[in-house]
Amino acid sequence: MTPFTFLFQKRIRGFRLAELAAFFCLTALVLGVYFSKAHAGGETARIGDVDDQITEEQHRVRLLNAELAHLEEPARIERLSQQYLGLAPIDAKRETNSTSLMEIARAADTPAPPAKVVKAATPPKPAPAASEGAVR
Amino acid sequence: MSPVDFHGDYREPYGPLQVWRWLTGRMWSVERAFERAKTSGRAVDDTRLRIFFVLAIFALAFVTLGLRATRAALFAPIEAAGREAAPLAGARADLVDRDGRLLAVDLTHYGLYLDPREIWDTNEIRRKLLPVFPKLAPERLERALHAGRREYLGGGLTPQEMQAIHDLGLPGISFEEEAKRVYPLGATAEHLIGFTDAGGRGLSGAEKALDAQIHEAAAAGEPVQLAMDLRVQAALQDELLKASDKFGTLNAMGMVVNIRTGEILAMSSLPDYDPNAPGKSPIPNLTNHEAASVYELGSVFKAFTIAMGLDTGVVNIDSTFDVHAPLMSGGRLIHDFDKGDSTLALWQVFTHSSNIGAAKLALMAGPDRMTTYFRRFGLLKAAPSEMYESARPILPRKFDDDTLAHMAFGQGISVSPLALATGYSALMNGGVYRPLTVLKVAPGHEAKGVQVISEQTSYTMLQLMRMNAHTDPRGSGHKADALGLRVGGKTGSAQKPENGHYGKNNVSSFVAVFPTDGPINADRYLVVVTLDSPHATKDSFGLITAGWNAAPTAGAVIDRIAPFLGVQRVITADSPTPNGPGAKPSDIAE
């Protein structure tokens, strides 16, 4: 008896071995598909939740970006900087480039020539401390 | 036997007929096997074979179904699960400037709905809903309460407003998401950006010009990038606002263009409006005068006339014109503002802004050349921009000598400042006429254009512009000569036609270009400032001409935007302009 004919001729409690084998295969297949579907369904739901969260976060990011753009509106920044910091567009004569910075620094370090001493007819009054800087 | 083997190795090609024959042959073979088993007295084998055969077919079918089900369960794409959120109807992509700064955005708002069938205490609805949602008219609420079906009460609710209404816990109230276009910068660049209706359809500016593209980009989740530089736009708008206040203009408008690429970096028109609530602004404020209004722009047209003369070879830069006496044309005398000149070279016709010289040049060239070149510079049609507002010019009924003489210095022809800027771009960029665009041009990409004048003529015009703003002490554009930025420019002061004749008001224009040095095809910027009906001030010595209002405004704009555009100041001994701030009217021609 070949294994093949054994499969069809062997009976267990009246059922052929082949029929039992087919039944177990089918059951395993059904269960496998069921669990796979159930698992996939759970994963899909989780992905959906994450998608919803991403969408929600994207809405919030867009809202924040819009708010940021509103707060950084150039006219508003200019108005506030003038009002609270006294800033203004820089004069063209005070602009320079990086290569000229050394020359500016050198000029600033060079001591100013001493001022000529003029003899006054009357002794000069001591200058207030706050105006000392004005000599330069 | 045939001497020829007709069959040999020949095989019929496979086709449906062959497959069918093979299948029926195999079926017949199986059937014959059953019959053979029957005739040989083994009927049981016959039944077994049949059962086995049916079982095998069923098993094969189940295995196939199982495999397909497993594959579907494990490897189906996520989209198939139907969880992906569909974009809201009419969704529009973000608009951003050339550096990605946000200009316009769709934000999720909520529409409010009421279903009276679910309400048993209508007084509660009236009492609680109206104070929380004051935008809702009581009459509308009453209509909805008696409608007998679900009704839309209003839209545009912010998440906070929606939550406040939701927290009331009222029956019959529901919400639906809807996109609302928001312009976070308010009245900054509003004419260039434009606005939409409640259904997400562009109504003006880039919103209308790029409507289809914005919808497509929304579907792809990409922003639409404009050529605009927000920093440049803010500086232009601020200086125009100052000029408008100072000179009491009816309208003030301006734009900044990269003439190599044709990109519109900034465009402004005053008075302005808030695009978040355009209905609350007076209708005239909604007009983008830069594109949608046409003006007689005066002497700025002399550049086109002189370029025509040079390019056709009718004159050269040293050709002279007798301007000592007014010229009679079309029953009107053509005068020069700068009286006292007798003979002017062509370059002086430009820098002294001689109407007589320009008119004589037009008459020398004749109607064919004049109309050909004016057509090439796009002055005889609406500026070919994406902008829907681009207005058609008002042209003379016929192009005879009289009309040409006046057109030569910008009288009798009305064009939009946008058309003027497009024509000037061709004059200054090496002679290539190309439409100006509100869209950012990719680096290295250059839009196609048409060569309308030679590079040499373009270069000469560039030098003439520089002379007018710097080199020639009697040039009219000195007040625009920002320190070290090599500015060139041309003024235009045209009387406004009012009630059928020229009145006291004028339209002052200044077209500036910088830097004027460097290769002809380098990045170079055009600043156009137009002031409609400016008034005289103490600083302008009682004058209302462009050299005293539009030119200093353009200069102030250039001073502020040059660092943003990467134009370095080159300060030399002759950098300060001889007739800059502090100059008197007698020093400056018009």
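Since the model is a prediction, treat every value here as computed from it, not as a measurement.

Visitor: Describe the interface of chain A and chain B, naming the residues involved and giving the relevant values.
Guide: In many reports, interface size means the accessible area that the parts give up when they come together. At the junction of the two partners, chain A supplies 28 residues and chain B supplies 28 residues. Contact between chain A and chain B buries roughly 2500 Å² in total, counting both sides, with carbon and sulfur atoms accounting for 66%. When the buried area of chain A at its contact with chain B is split by residue, Arg62, Pro74 and Ala92 of chain A rank highest and sum to 19% of it. The tally of links from chain A across to chain B stands at two salt bridges. Two residues, Asp94 of chain B and Arg62 of chain A, come together in a salt bridge whose shortest N-O distance is 2.8 Å. There are six residue pairs in polar contact (both at pLDDT 80 or more) connecting chain A and chain B. Among the elements of the structure, helix H1 (3–9), helix H2 (17–71) and helix H3 (74–85) of chain A are those that each provide at least two residues to the side of chain A that touches chain B. With 19 residues, the top contributor of residues to the side of chain A that touches chain B is H2 of chain A. Class assignment for the residues of the side of chain A that touches chain B results in 14 nonpolar, six polar and eight charged.

Visitor: Tell me about the pattern of salt bridges, residues and numbers included.
Guide: For the coordinates displayed, the defined rule picks out 31 salt bridges over all chains. Put simply, Glu19 of chain A and Arg16 of chain A hold a salt bridge, and the shortest N to O gap is 3.4 Å. Classification of Glu19 of chain A as partly exposed rests on a relative accessible area of 36%. A salt bridge links Asp400 of chain B to Lys398 of chain B, with the nearest nitrogen and oxygen atoms 3.6 Å apart. Judged by relative accessible area, Lys398 of chain B falls into the exposed class, the value being 53%.

Visitor: I'd like a description of the sheet that holds strand S6 (residues 251–258) of chain B, backed by residues and values.
Guide: Residue and element names in this part refer to chain B. Strand order in the open sheet formed by five strands is S7-S6-S18-S17-S16, and the pairing between neighbours is antiparallel. At either end of the open sheet lies a strand with only one pairing partner, and these are strand S7 (263–270) and strand S16 (488–498). Shown here is a sheet whose adjacent strand axes are inclined to one another by a mean of 10 degrees, direction ignored.

Reading the values: rules and limits
- Residues numbered from 1 in each chain as written.
- Chains lettered and ligands numbered in written order.
- Predicted model: local features only at pLDDT ≥ 70, side-chain atom pairs only at ≥ 80, totals over all residues.
- Heavy atoms only, no water.
- Contact = heavy atoms within 4.5 Å.
- Buried area = accessible area lost by both parts, 1.4 Å probe.
- Salt bridge = Lys/Arg side-chain N within 4 Å of Asp/Glu carboxyl O.
- Polar contact = N/O pair within 3.5 Å; in protein donor to acceptor, adjacent residues only side chain to side chain.
- Helix = DSSP H or I, 4+ residues; strand = E, 2+ residues; numbered from the N terminus.
- Nonpolar A, V, L, I, M, F, W, Y, C, P; charged D, E, K, R; others polar.
- Buried < 20%, exposed > 50% of the residue type's maximum accessible area, 1.4 Å probe, protein only.
- Pairing = 2+ DSSP bridges.
- Axes fitted to C-alpha atoms, helices over the stretch in contact; angles between N-to-C directions.

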